[in-house]
Every structure is written in structure tokens, then in C-alpha cells.
Amino acid sequence: IIDIPAVRSEVKDGVGVISVTTFNRNTTEAARRAIADMERQNGGRPLLGYVLDLRSNPGGLLDQAVELSDLFLNGG
């Protein structure tokens, strides 16, 4: 069994980079944890911004794509 994480993250020059490899049932929660971890890495301060990298993402669960979008969008 090969387990590929749905979300990978890193901080580059004060900007959080979140790579989403697929939209599975854990994607949104993994992204929430990644954001919290990156802010901890940044000394508890908010990051300058985020890059959401969806390259090579084949898709997956629509509800997870919508919930992930809700983390970054105010409404609609």
C-alpha cells in the first residue's frame, strides 16, 4: 500500500505553500493542520499569504474541493 498525503506544505520567505495532490476525505482537515503548522513555524504570526498549488491534481471529492475553497474565500 502506497499512502500519498493529500496535502504537503512549507513556508518560503514568509509565504505558505500548500500543495494539494488530491481531494480525498481528509484534504480539508489536512489543509487546516498545514496552515496552523506553518503559522507556528512563522513564530505564531500570520503569513504574508498562501500559494495553493493544484498542479498535477487529478481531482476527487467535490465537497472537499468546496470546503478547501471556503478556507480562503469570504463567501459565495
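Calculation rules
Residues numbered from 1 in each chain as written. Predicted model: local features only at pLDDT ≥ 70, side-chain atom pairs only at ≥ 80, totals over all residues. Heavy atoms only, no water. Helix = DSSP H or I, 4+ residues; strand = E, 2+ residues; numbered from the N terminus. Rg over C-alpha atoms; globule rule 2.2 N^0.38 Å. Buried < 20%, exposed > 50% of the residue type's maximum accessible area, 1.4 Å probe, protein only. Contact = heavy atoms within 4.5 Å. Areas by Shrake-Rupley, 256 points an atom, 1.4 Å probe, with all protein chains shown as cover. Lys, Arg positive; Asp, Glu negative; His and termini not counted. Charge placed at Lys NZ, Arg CZ, Asp CG, Glu CD. Salt bridge = Lys/Arg side-chain N within 4 Å of Asp/Glu carboxyl O.

## So, the overall build of the protein chain
And then number 1: Across its full length, the protein chain carries two helices and three strands.
And then number 2: For the protein chain, the N- to C-terminal ordering of α and β elements is β-β-α-β-α.
And then number 3: Relative to its length of 76 residues, the protein chain is compact, with a C-alpha radius of gyration of 12 Å against a globular reference of 11 Å.
And then number 4: Residues counted as buried form 30% of the 76 residues belonging to the protein chain.
And then number 5: Restricting to contacts in the protein chain with at least 6 residues of sequence separation, those with at least 24 account for 64%.
And then number 6: For the protein chain, the accessible area works out to roughly 5400 Å², and carbon and sulfur atoms hold 51% of it.
And then number 7: Across the protein chain, 8 positive and 10 negative side-chain charges occur, with their mean positions spaced 4 Å apart.

## Details of the pattern of salt bridges
Side-chain pairing between opposite charges can occur once the charged atoms of the two side chains come close.
And then number 1: Counted under the stated rule, the structure contains four salt bridges.
And then number 2: Of the charged contacts in the structure, one is a salt bridge between K12 and E10, with a shortest N-O distance of 3.8 Å.
And then number 3: You can call K12 partly exposed: its relative accessible area is 47%.
And then number 4: Note that E29 is salt-bridged to R32, the shortest N-O span being 3.6 Å. Separated by three residues within a single helix, E29 and R32 lie in helix α1 (residues 27-41), roughly one turn from each other.
And then number 5: Classification of E29 by relative accessible area gives partly exposed; the value is 40%.

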